[in-house]
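One letter stands for each residue in the lines below.
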Amino acid sequence: RPGLAVLDLATGTGDQILSLWKNCSPNIEKGTGMDLSEGMLEIGRKKIEERNLQEVIEMEVGDATDIPADPGSYDAVTISFGIRNVPDVPASLREMHRILRPSGKALILEFSMPSNPLVRWGHLAYLRYVLPFVGGAVSGDFEAYRYLNTSIESFPYGRDFCRLMEEAGFDTVVAHPVSLGIATIYEGVR
């Protein structure tokens, strides 16, 4: 519907909020990208200026566990591959619920574990051996890529993550596996 206010948490350089604008622009009245890193936000602001969208999309410093917004400020909140790195996931989910208007939606994209045993085995082999070696060789930071697989493997997914959303107050929580279950989109309604 028209007139939507959308918040993207852990927005980084703003790619997700810009993608939402590109695909839903007739309906988005206000878009906000929020992140802890001012440096990342500055890059995002340049992208917004290049597209002349300063009147519609803003980039703000903010913490996903203490969102600087009034209750009921947004129609939708998104976070892509960021909730896994939030220090207090339940607090972040409660904050998302708080800032949403009634019937507002939270859409959370995060890595998960595939349910198919063969796909799961291949995915784990990739995460544990291929990604750390290649990523570490290219970047010179092997630890960063070891962290990635351990954080993915230990993070709650599927029904367990849906339960966290329900405990935060969300209704009609649904998990939509994508890419053979390597990632999941979690949808919850306030």
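Residues numbered from 1 in each chain as written. Predicted model: local features only at pLDDT ≥ 70, side-chain atom pairs only at ≥ 80, totals over all residues. Heavy atoms only, no water.

A few words on the pattern of salt bridges. One pass over the full model with this rule turns up 11 salt bridges. Here E166 ties to R159 by a salt bridge, and the two come within 2.7 Å at their closest N and O atoms. For R159, a relative accessible area of 43% corresponds to the partly exposed category. Across the salt bridge formed by R163 and D160, the nearest N and O atoms sit 3.0 Å from each other. Taken as a pair, R163 and D160 lie in helix α6 (residues 159-167) at a separation of three residues, close to a single helical turn. Through salt bridges with shared partners, a single ionic network connects R1, D75 and R101. (Salt bridge = Lys/Arg side-chain N within 4 Å of Asp/Glu carboxyl O. Buried < 20%, exposed > 50% of the residue type's maximum accessible area, 1.4 Å probe, protein only. Helix = DSSP H or I, 4+ residues; strand = E, 2+ residues; numbered from the N terminus.)

What follows concerns a nonpolar patch on the surface. A contiguous nonpolar surface patch, about 750 Å² in accessible area, is contributed by Y126, Y129, V130, F133, V134, V138 and F142. It is helix α4 (residues 117-139) that provides the largest number of residues to the nonpolar patch, a total of six residues. Along the chain, V134 falls in helix α4. (Patch = residues over 30% accessible without salt bridge, like charges linked within 9 Å, V, L, I, M, F, W, Y side chains within 5 Å. Areas by Shrake-Rupley, 256 points an atom, 1.4 Å probe, with all protein chains shown as cover.)

Below, the discussion takes up the pairing of strand β6 (residues 171-178). Put simply, side chains in a regular strand alternate between the two faces of the sheet. Pairing between β6 and strand β7 (residues 183-189): six bridges, direction antiparallel. Residue pairing for β7: A175 is matched across the bridge by Y186. Hairpin connection from β6 to β7: four residues lie between these consecutive antiparallel strands, with S179 at a positive phi of about 50 degrees. (Pairing = 2+ DSSP bridges.)

Residues of α6 that are buried: F161, C162 and M165. On an axial view of α6, the arc spanned by its buried residues comes to 105 degrees, and they lie on one face. Looking at the buried positions of α6, the neighbouring elements they touch are α3 (89-99), β5 (100-111), β6 and β7. Downstream of α6 by one or two residues, G169 has phi in the positive range, about 115 degrees. (Arc of directions from axis to C-beta. Contact = heavy atoms within 4.5 Å.)

Turning our eyes to something else, we now look at the side chain of S112. In this structure, S112 sits in the loop between β5 and α4. Side-chain polar atoms of S112 contact the side chain of T184, separated by 2.7 Å. Beyond its immediate sequence surroundings of up to four residues, S112 is in contact with H123, Y157, G181, I182, A183, T184 and Y186. (Polar contact = N/O pair within 3.5 Å; in protein donor to acceptor, adjacent residues only side chain to side chain.)

Before going further, it helps to spend a moment on helix α2 (residues 38-50). The first and last C-alpha atoms of α2 sit 18 Å apart over 13 residues, in line with the 18 Å expected at 1.5 Å per residue. Every buried residue belonging to α2 is among L41, G44, K47 and I48, and all of these are buried. The buried residues of α2 occupy an angular sector of 110 degrees when the element is viewed end-on, so they sit on one face. Taken together, the buried residues of α2 touch α1 (15-24), β2 (28-35) and β3 (57-61). Backbone geometry just downstream of α2 places N52 in the positive-phi region, at approximately 55 degrees. (Expected span 1.5 Å × (residues − 1).)

The final tally for this structure, using the stated rule, is three aromatic pairs. Ring plane angle 40 degrees and centroid distance 5.8 Å describe the contact between F155 and F161, whose orientation is recorded as tilted. Judged by relative accessible area, F161 falls into the buried class, the value being 0%. Here the aromatic rings of F161 and Y186 are separated by 4.6 Å at their centres, their planes lie at 50 degrees, and the arrangement is tilted. (Phe/Tyr/Trp six-rings, centres within 6.5 Å; stacked < 30°, edge-to-face > 60°.)

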